[in-house]
Amino acid sequence: MYLAANGRPDAPPRTPGARRRVPATVLALGAVSLVTDVSSEMVAAVLPLYLVLGLGLTPLQFGFLDGMFNGATALVRLLGGRLADRRGHHKRVAGAGYLLSALSRLGLLLAGSATGAIAAALAADRLGKGIRTAPRDALISLSGPPETLGRSFGVHRAMDTTGALLGPLAAFAVLWATADAYDAVFAVSFCTGLLGVLLLVVHVPAAPGPAAAPPPAPRAAPPRPSVLRDPAFRRVLYASAVLGATTIGDAFLYLLLLRGLDLPPALFTLLPLGAAAVYLLLAVPAGRLADRTGRRTAFLIGHAALLGAYVLLLAPVSPPTVVGVLALLGVFYATTDGVLMALAAPALPVAGRAGGLAVLQTGQALARLLGAAGFGAAWTLWGSGPALWTAALALAGALAAASRIMPADLPATSPTAPEAP
């Protein structure tokens, strides 16, 4: 078990004289994510209305398309991580993913009412997101000292969430100005996405940063096997997957709030903004706190907050319940999303950093898909109340298991150390 110099078992070490400012690369990647999320969320905000009300797709057809492509995103992350690690081309692979997502908006603009073309455009968007995620997070982790990774990921996620908040507002502004012209939303989204790619090309350096090492030789052992052989990393992977499998999905929580208060369906789109606002406010403080007190602790506290949201929903829903659930959901994301990457990244070899993070992200994403599908089936068979009780008990059990499985914050791997065979 790794024991930090300050005496806390799950707190990362502190390097004397370590920089306190967020690296410029992190800020540049945050700006890219902010602009890209404005582009993405503009489309996400209007896509259900466009497909279901505009083109006449049934909710089942839309749900099938969305669920299938979200599942494919999780698997494509492995490809993006492996490509980035092969010769250290993190920026190129991430840029390809951002460009593919931007071009997907153009595909929606040109698709018209052709369902096949719309499906292809949605697939391109999800593939682009899957390809870029692991290389981008690897760039963040390689841009500064390991003891400040929580803050770096917190700053990036805060900027990313800012874009997610601005995107729907921009979409509705365009619709209002153009009398509900969906094509105008897709056109503005495409241009905004290209701006994100341009920011990446101009402001993100090709070399990840001071923690990076020279690219591995062509005959070097593939990174993924050595990553999966690491016992500490496997424990992080198992713990995150166990907790992910008991995460029922935000949409179900919002639907339970909507039904509990008998609110009009139009308010459904406003509920995510509340959780996103809390996430935005807490992302940076949560990252800094995780750096000081331990990222493992912060990650587990975040899931305890999610359990609190489940418990609140078991009681009769009232306006304070809505506020409490949205606040706890924001706390959950602020203390888990970037914190998990900051926890695992230091122990991964530089030459396998993107691939290792991709494995972790894919395992968590697939587990969450399983959890959401299981809750949906339980709701259908038993009703919302028994299904939520089951989810709460399962998450409580997963928290107990994860607290035993997950190791303390992992020591940094030396950038120049050779990989395990």
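It should be emphasised that the depicted structure is a prediction, and the values quoted were computed from it without experimental measurement.

We now examine the overall build of the protein chain. Along the backbone of the protein chain there are 15 helices and zero strands. Burial analysis of the protein chain (421 residues in total) assigns 50% to the buried set. Considering only intrachain contacts with a sequence separation of at least 6, the fraction spanning at least 24 residues in the protein chain is 85%. Total accessible area computed for the protein chain in this model is approximately 18000 Å², and 70% of it derives from carbon and sulfur atoms.

The next subject is a nonpolar patch on the surface. Taken together, the side chains of Leu-195, Leu-198, Val-201 and Val-202 define a hydrophobic patch exposed on the protein surface, amounting to about 360 Å² of accessible area. Residue classification places Val-202 among the exposed residues on the basis of a relative accessible area of 53%.

Along the polypeptide, Thr-336 turns up in the loop between helix H12 (319-334) and helix H13 (337-344). With relative accessibility at 2%, the residue Thr-336 sits in the buried group. Residues contacting Thr-336, with those up to four places away along its chain left out, are Phe-299, Gly-302 and His-303.

Moving on, we come to the packing of helix H5 (residues 149-177) against helix H6 (residues 182-203). Running from N to C, H5 and H6 cross one another at 135°; their axes reach a closest spacing of 9 Å. By the angle between their axes, H5 is oblique relative to H6. Classified by chirality, the crossing of H6 by H5 is right-handed. For the pair formed by H5 and H6, the contact residues are Ala-171, Val-174 and Leu-175 on the first element and Tyr-182, Ala-184, Val-185 and Val-188 on the second.

All told, the structure shown has six salt bridges when counted by the stated rule. For the salt bridge of Arg-157 with Asp-137, the shortest nitrogen-to-oxygen distance reads 3.2 Å. One end of the pair, Arg-157, is in helix H5; the other, Asp-137, is in helix H4 (residues 115-141), with 20 residues separating them in the sequence. Of the two residues, Arg-157 and Asp-137, neither departs from the other in class, the shared state being buried. Connected through shared salt-bridge partners, Arg-136, Asp-137, Arg-157 and Asp-337 make up one network.

All right, on to helix H10 (residues 271-293) then. Between its terminal C-alpha atoms H10 stretches 31 Å, which fits the 33 Å expected from 23 residues at 1.5 Å a residue. Leu-282 marks the point of greatest bend in H10, at about 45°, and the proline Pro-285 comes within the next four residues. Inspection of H10 places Leu-271, Ala-275, Ala-276, Val-278, Tyr-279, Ala-283, Ala-286, Gly-287, Ala-290 and Asp-291 among the buried residues, and these make up the whole buried set. Downstream of H10 by a residue or two, Gly-294 has a phi angle that is positive, lying close to 120°.

This part is about the packing of aromatic side chains. Applying the stated criterion across every chain, the model contains five aromatic pairs. Seen from their ring centres, Phe-252 and Trp-379 are 6.0 Å apart, and the 50° between their planes marks the pair as tilted. Of this pair, Phe-252 sits in helix H9 (residues 250-261) while Trp-379 sits in helix H14 (residues 353-382), placing them 127 residues apart in sequence. The partly exposed category is assigned to Phe-252, whose relative accessible area is 21%. A network of ring pairs unites the aromatic residues Phe-252, Phe-375 and Trp-379 as a single cluster.

Let us look at the nonpolar core. Core analysis: the biggest nonpolar cluster contains 69 residues, and Leu-243, Leu-257, Tyr-310, Leu-313, Leu-360 and Phe-375 have the highest contact counts within it. In contact with Leu-313, other than residues within four places in its own chain, are Leu-253, Leu-256, Leu-257, Val-325 and Leu-388. Counting residues in each nonpolar core, the second largest holds 18 residues, with Val-38, Val-43, Tyr-50 and Ile-118 among its members.

Let us now look at the packing of H10 against H12. Running from N to C, H10 and H12 point in directions that differ by 40°, and their axes come no closer than 7 Å. Between H10 and H12, the interaxial angle falls into the category oblique. Judged by the sense of rotation from one axis to the other, the crossing of H10 with H12 is right-handed. Of H12, the residues touching H10 (which contributes Leu-271, Gly-274, Ala-275, Val-278, Tyr-279, Leu-282, Ala-283 and Ala-286) are Val-322, Leu-326, Ala-327, Leu-329, Gly-330, Val-331, Tyr-333 and Ala-334. Considering only residue class, the contact of H10 with H12 consists of 14 nonpolar, two polar and no charged.

Glancing now at the side chain of Ser-40. Note that Ser-40 resides in helix H1 (residues 24-54). Judged by relative accessible area, Ser-40 falls into the buried class, the value being 15%. Once you skip the residues sitting within four places of it in the chain, Ser-40 turns out to touch Arg-105 and Arg-132.

Now for helix H8 (residues 231-244). End to end, H8 covers 20 Å across 14 residues, agreeing with the expected 20 Å (1.5 Å per residue, within 8%). Taken together, the buried positions of H8 are Phe-233, Val-236, Leu-237, Ala-239, Ser-240, Leu-243 and Gly-244. What you see down the axis of H8 is that its buried residues fit within an arc of 170°, all on one side.

The subject of this paragraph is the environment of Pro-146. Checked against the element boundaries, Pro-146 lands in the loop between H4 and H5. For the pair Pro-146 and Leu-343, spaced 197 residues apart in the sequence, the C-alpha separation amounts to 9.3 Å.

The next point concerns the confidence of the model for the protein chain. On average, residues of the protein chain score 81 in pLDDT, and 80% of them reach the 70 mark or higher. Within the protein chain, no element has a lower average pLDDT than helix H7 (residues 223-228), which sits at 56, and none a higher one than helix H11 (residues 295-314), at 95. Every residue in residues 1-19 scores below 50 in pLDDT, and together they form 46 contacts with partners more than four places removed in sequence or on other chains. Contacts from residues 211-225, a stretch scored under 50 in pLDDT, to residues over four places away or in other chains number 23 contacts.

With a relative accessible area of 14%, Trp-379 lands in the buried category. Each C-alpha atom, one on Trp-379 and one on Phe-252, is 9.8 Å from the other, the two residues being 127 residues apart in sequence. Once residues lying within four places of it in the same chain are set aside, the contact partners of Trp-379 are Phe-252, Leu-255, Leu-256, Arg-259, Ser-384 and Ala-387.

What counts and what doesn't
- Residues numbered from 1 in each chain as written.
- Predicted model: local features only at pLDDT ≥ 70, side-chain atom pairs only at ≥ 80, totals over all residues.
- Heavy atoms only, no water.
- Helix = DSSP H or I, 4+ residues; strand = E, 2+ residues; numbered from the N terminus.
- Buried < 20%, exposed > 50% of the residue type's maximum accessible area, 1.4 Å probe, protein only.
- Contact = heavy atoms within 4.5 Å.
- Areas by Shrake-Rupley, 256 points an atom, 1.4 Å probe, with all protein chains shown as cover.
- Patch = residues over 30% accessible without salt bridge, like charges linked within 9 Å, V, L, I, M, F, W, Y side chains within 5 Å.
- Salt bridge = Lys/Arg side-chain N within 4 Å of Asp/Glu carboxyl O.
- Axes fitted to C-alpha atoms, helices over the stretch in contact; angles between N-to-C directions.
- Parallel < 35°, antiparallel > 145°, perpendicular 65-115°, else oblique.
- Left-handed = near helix turned anticlockwise from the far one by under 90°.
- Expected span 1.5 Å × (residues − 1).
- Bend = angle between axes of the 7 residues up to and from the residue.
- Phe/Tyr/Trp six-rings, centres within 6.5 Å; stacked < 30°, edge-to-face > 60°.
- Core = buried A, V, L, I, M, F, W, Y, C linked by side-chain atoms within 4.5 Å.
- Nonpolar A, V, L, I, M, F, W, Y, C, P; charged D, E, K, R; others polar.
- Arc of directions from axis to C-beta.
- pLDDT = per-residue confidence, 0-100.

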